[in-house]
Amino acid sequence: MISKDYIILSPDGIHARPATALLKLARQFKSVVHVTKNQKTVRLNSMLNLLALSPKFGETITVSVDGEDEQEALEAIGFFFTENLKDI
Amino acid sequence: MKGIGVSPGISVGRACVIRKIKSSIHEIPPESEADILREVERFDLAIQQSVIDIEILLEKGKHTLLTEELAILETQIEFLNDPQLKENVEIKINTEHKTATIALEEVIQSLIDLFEQMDDEYLRTKAEDFKDIGKRILVHLNGDQATAQLLHPDDPCILIAEDFSPSETISLDASKVLGMATRLGGKTSHTAIIARTKGIPAVAGCGESLDLVCDNDLLILDGLEGLVWINPDEDTITKYTILQEEYRKHSEWLKSLKDAPALTTDGHKITLKANISAVEDMETVLEHGGEGVGLLRTELLFMGRKSYPAEEEQFEFYQQIAGKSRQMPVTVRTIDIGADKQLPWLNLSAENNPVLGYRAIRICLDRPELFMTQLRAILRASKYGKLKIMFPMISSLQELRSAKAMLMEAKKQLTDEKISFDADIETGIMIEVPSAALITDILVREVDFFSIGTNDLCQYTLAVDRMNEQVAYLYDPYHPAVLRLIQQVIQQAGNNQIEVSLCGELASDPQATMLLMGLGLTVFSMSAASIPQIKNIIISNSMEKAREVAQKVMLMEDSNQIKTYLQLINP
């Protein structure tokens, strides 16, 4: 399992639309993805859980990926956080 | 409480309230493994159906919805498919033995609570989405199934509901349902028509006051005056018990008229036929002394099913009706359906204005395979009785000719296949679109009969949606414009010596009988249960008087004056 921290750069936090995109992205990989904020961890397959975590601007979240394609998955998700999320 | 009396009769009994969304209270908690599995499957299915709902919305709105709106719908799909939602509901079903409905209600409520408390304003708005999807799932979860149980109560009771769908009303067991009251609807709603056919007293359009009724309240329902009494006092109960008895006696007297011909006192014969929609209805027709069927609605054959009924199945339906008709004429109306009725196999897209849209003969001419199947089935059954074919919603000569060409083609096919049928089968049209009513002098040359459909004629002439409560008061068959059209159609038919009948609600309205007779109408078609009452009016009056009444009415300026006058002569 590998993991990495990200700071939310989107001023609105992660709202439904980026969350939908993020879930879709995570689904493309065989690995299991989890997101942690303030010691609370949810699996990145549920919109409800992700929104309930309500990651906001400036907060740090940890993304953990476990599985055969974890390297690619983490890269893609990392790219999403640093690049995509700023614009959405 | 005051509503609209839509099916006469008085009933006294306990209330049974059908709340479509909140029907969970009537469900039994799952105990066995099998029950639990069934509840989980029921939930999964409801989710799938809800997702399909939204996918359809998305597909339709692809080019018209705003990006924000599309995003909301996509998010809702995400919520519906959410594994956490599924898990939460399943835990409640599995370990707490809750029904899928209750489990879902609780899970949705906790989500609403959670999100409403969030400090992020945007996330707070998501609570609305949970309410929305919760409602959607519940409809699929319960809608039909729970209602279906309630529609067949163990003990006789008075059913209370928002409204009944046509298929629900049709499945009602008249021996268990003492009466019906609905929030919505009016005299011409399906509920009303079918309640009258089944002889169940009914009050429609009660509005919000109907919410006051609770399960097991004692109710008195007066289907003639349109009154509902909730937990009435002793005096009222006594009064209505007497009225109920009087009504029963009057009904018995009317029943005794069964075999008497409908002759006016000066010897003019009027023919009273029935409107029916099912094979069983034939018995009711004979019971009430109907002289044939003026309108056989064929929609039931096509409703509440997954696929289009094959020719053989349709043939059997028409054949059975013909077989029970004792060689009395039966007018079969070809399918009269549109986007306001749900026929999954027909794939009709929702319309802004279904009444003016893709419906009835318009669908048939557009989908020849559908129309041809029905025409062939009717023709094949025609050798077992005296069937007639009637096309609904004709609005121009062109349409009539196209429909007749299809009928010719069906006849040719059968002849080629050496299948016998009644080669002289009469063919006619409904006059229910004002444009058709105004060119009856042209149409008359190409048909064997007219049948005036006053319900649609009235709504199209007056530009009133009869199902819209806000404008329903404008729906008025006594409007001089409607009466003039009716008069014109009857005259044109008379001039050309073809039969004209009237099969709308007006035919069963006692206030209209004298007027219509006076205008020259000789064939009335109505719900079988109304026949004795109308016959009673005919045999108590003369044609001379009827003509006088019609003459006076046609000179009057507005419908209030007309209605007051008609009430006066027919107390």
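Residues numbered from 1 in each chain as written. Chains lettered and ligands numbered in written order. Predicted model: local features only at pLDDT ≥ 70, side-chain atom pairs only at ≥ 80, totals over all residues.

## Points about the overall build of chain B
- Secondary structure summary: chain B contains 21 helices and 15 strands in total.
- Counting only contacts in chain B whose residues sit at least 6 apart along the sequence, the fraction spanning at least 24 positions is 68%. (Helix = DSSP H or I, 4+ residues; strand = E, 2+ residues; numbered from the N terminus. Contact = placed C-beta atoms within 7 Å.)

## A look at the overall build of chain A
- Counting its secondary structure elements, chain A contains three helices and four strands.
- Residues counted as buried form 28% of the 88 residues belonging to chain A.
- Contacts in chain A between residues at least 24 apart in sequence constitute 73% of all its contacts with a sequence separation of at least 6. (Buried ≥ 20, exposed ≤ 12 C-beta atoms within 10 Å, placed from the backbone.)

## Re helix α10 (residues 311-324) of chain B
All names here are of chain B.
- If you check α10, its first and last C-alpha atoms are 20 Å apart, about what 14 residues at 1.5 Å a residue would give, namely 20 Å.
- Within α10 the residues assigned to the buried category are Gln314, Phe315, Phe317, Tyr318, Gln319, Ile321 and Ala322.
- Check the buried side of α10 and you find it contacts α9 (281-287), β9 (293-296), β10 (329-333), α12 (368-381) and β11 (386-391). (Expected span 1.5 Å × (residues − 1).)

## Re unusual backbone geometry
- Even without a glycine there, the phi angle at B:Arg326 is positive, about 50°.
- For B:Arg326, the position within the fold is in the loop between α10 and β10.

## Some thoughts on the confidence of the model for chain A
- The predicted model of chain A averages 82 in pLDDT, with 92% of residues at 70 or higher.
- Within chain A, strand β2 (residues 32-37) of chain A carries the highest mean pLDDT (91), whereas helix α3 (residues 70-87) of chain A carries the lowest (75). (pLDDT = per-residue confidence, 0-100.)

## Structural notes on the packing of helix α18 (residues 510-518) of chain B against helix α19 (residues 531-539) of chain B
All names here are of chain B.
- The N-to-C vectors of α18 and α19 enclose an angle of 50°; their axes lie 10 Å apart at closest approach. Taken together, the axes of α18 and α19 are oblique relative to one another. Between α18 and α19 the crossing geometry is right-handed. Where α18 approaches α19, its residues Pro510, Thr513 and Met514 are matched on the opposing element by Gln533, Ile534, Ile537 and Ile538.
- Its residues assigned to classes, the contact of α18 with α19 shows five nonpolar, two polar and no charged. (Axes fitted to C-alpha atoms, helices over the stretch in contact; angles between N-to-C directions. Parallel < 35°, antiparallel > 145°, perpendicular 65-115°, else oblique. Left-handed = near helix turned anticlockwise from the far one by under 90°. Nonpolar A, V, L, I, M, F, W, Y, C, P; charged D, E, K, R; others polar.)

## So, the environment of A:His15
All names here are of chain A.
- In this structure, His15 sits in the loop between β1 (2-7) and α1 (16-27).
- For His15, a count of 18 C-beta atoms within 10 Å translates into the label partly exposed.
- Measuring from C-alpha to C-alpha, the distance between His15 and Met47 comes to 10.0 Å, with 32 residues separating the pair along the chain.

## Considerations on the sheet that holds β11(B)
Residues and elements named next belong to chain B.
- Reading around the barrel, the eight strands line up as β8-β9-β10-β11-β12-β13-β14-β15 and close back on themselves, with parallel pairing between neighbours. Strand-to-strand twist of the sheet, defined as the mean angle between neighbouring strand axes without regard to direction, takes the value 30°.
- The pairing of β10 with β11 spans five bridges and is parallel. Residue Thr331 lies in a different strand from β11, and its bridge partner there is Lys388.
- Contacts from α10 reach β9, β10 and β11 within the one sheet, and its direction differs from that of β10 by about 155°.
- α19 rests against β8 (271-276) and β15 (523-527) of the sheet, and its axis sits at about 160° to β8. (Pairing = 2+ DSSP bridges.)

## Observations concerning the interface of chain A and chain B
- The interface is formed by 16 residues belonging to chain A together with 16 residues belonging to chain B.
- Within the residue set of the side of chain A that touches chain B, elements represented by two or more residues are α1 and α2 (47-53) of chain A.
- Tallying contributions element by element places α2(A) first for the side of chain A that touches chain B, with five residues.
- Among the residues making up the side of chain A that touches chain B, the classes are represented as six nonpolar, seven polar and three charged.

## Digging into the pairing of β11(B)
All names here are of chain B.
- Where burial is concerned, most of β11 is hidden: five out of the six residues are buried.
- Across four bridges, β11 lies against strand β12 (residues 426-431) in parallel orientation. By the bridge assignment for β12, Met390 is matched with Gly428.
- Chirality of the crossover, the property in question, places the unit of β11, helix α13 (residues 397-416) and β12 among those that are right-handed. (Right-handed = clockwise from strand over helix to strand, strands pointing away.)

## Re the sheet that holds strand β5 (residues 202-204) of chain B
All names here are of chain B.
- Judged by pairing direction, the sheet is mixed, and its seven strands sit side by side in the order β1-β5-β4-β3-β2-β6-β7 without closing on themselves. Looking along the sheet, the strands with just one partner apiece sit at the ends: β1 (4-7) and β7 (227-230). Geometrically, the sheet is characterised by an average inter-axis angle of 30° between neighbouring strands, direction not taken into account.
- With four bridges connecting them, strand β2 (residues 10-18) and strand β3 (residues 157-161) associate as parallel partners.

## So, the confidence of the model for chain B
- For chain B, the mean per-residue pLDDT works out to 88, and 93% of the residues sit at or above 70.
- Model confidence for the complex is summarised by a pTM of 0.59, with the ipTM given as 0.85.

## Description of the nonpolar core
- Ranked by size, the top nonpolar core spans 93 residues in total, and within it B:Tyr318, B:Ile429 and B:Val489 carry the most contacts.
- With seven residues, the single largest contributor to this core is helix α17 (residues 480-495) of chain B.
- When neighbours within four sequence positions are excluded, B:Ile429 is seen to be in contact with B:Met390, B:Phe391, B:Ile394, B:Leu400, B:Leu443, B:Val447 and B:Phe450.
- Membership of the second largest hydrophobic core comes to 43 residues, among which are A:Ile14, A:Ala16, A:Leu50 and B:Ala100. (Core = buried A, V, L, I, M, F, W, Y, C linked by C-beta atoms within 7 Å.)

## A short note on α17(B)
- With 16 residues, α17(B) extends 22 Å between its outermost C-alpha atoms, agreeing within 8% with the 22 Å of an ideal straight helix rising 1.5 Å per residue.
- Count one or two residues on from α17(B) and you reach B:Gln497, which has phi positive near 50°.

## Quick look at the environment of B:Ala436
Residue and element names in this part refer to chain B.
- Turning to its location among the elements, Ala436 is positioned in helix α14 (residues 434-438).
- Take Ala436: there are 27 C-beta atoms within 10 Å of it, and that puts it in the buried class.
- It is 8.6 Å that separates the C-alpha atoms of Ala436 and Met393, two residues lying 43 residues apart in sequence.
- Those residues within four positions of Ala436 in sequence are excluded, and the remaining contacts are Ile394, Ser395, Ile431 and Leu443.

## Re the packing of α18(B) against helix α21 (residues 559-569) of chain B
All names here are of chain B.
- One way to put it is that α18 packs onto α21 with a least axis distance of 9 Å and a crossing angle of 95°. Overall, the two elements α18 and α21 adopt an arrangement that is roughly perpendicular. Across from Gln511, Met514 and Leu515 in α18, the residues of α21 making contact are Lys563, Leu566, Gln567 and Ile569.
- For the contact of α18 with α21, the residue count by class is four nonpolar, two polar and one charged.

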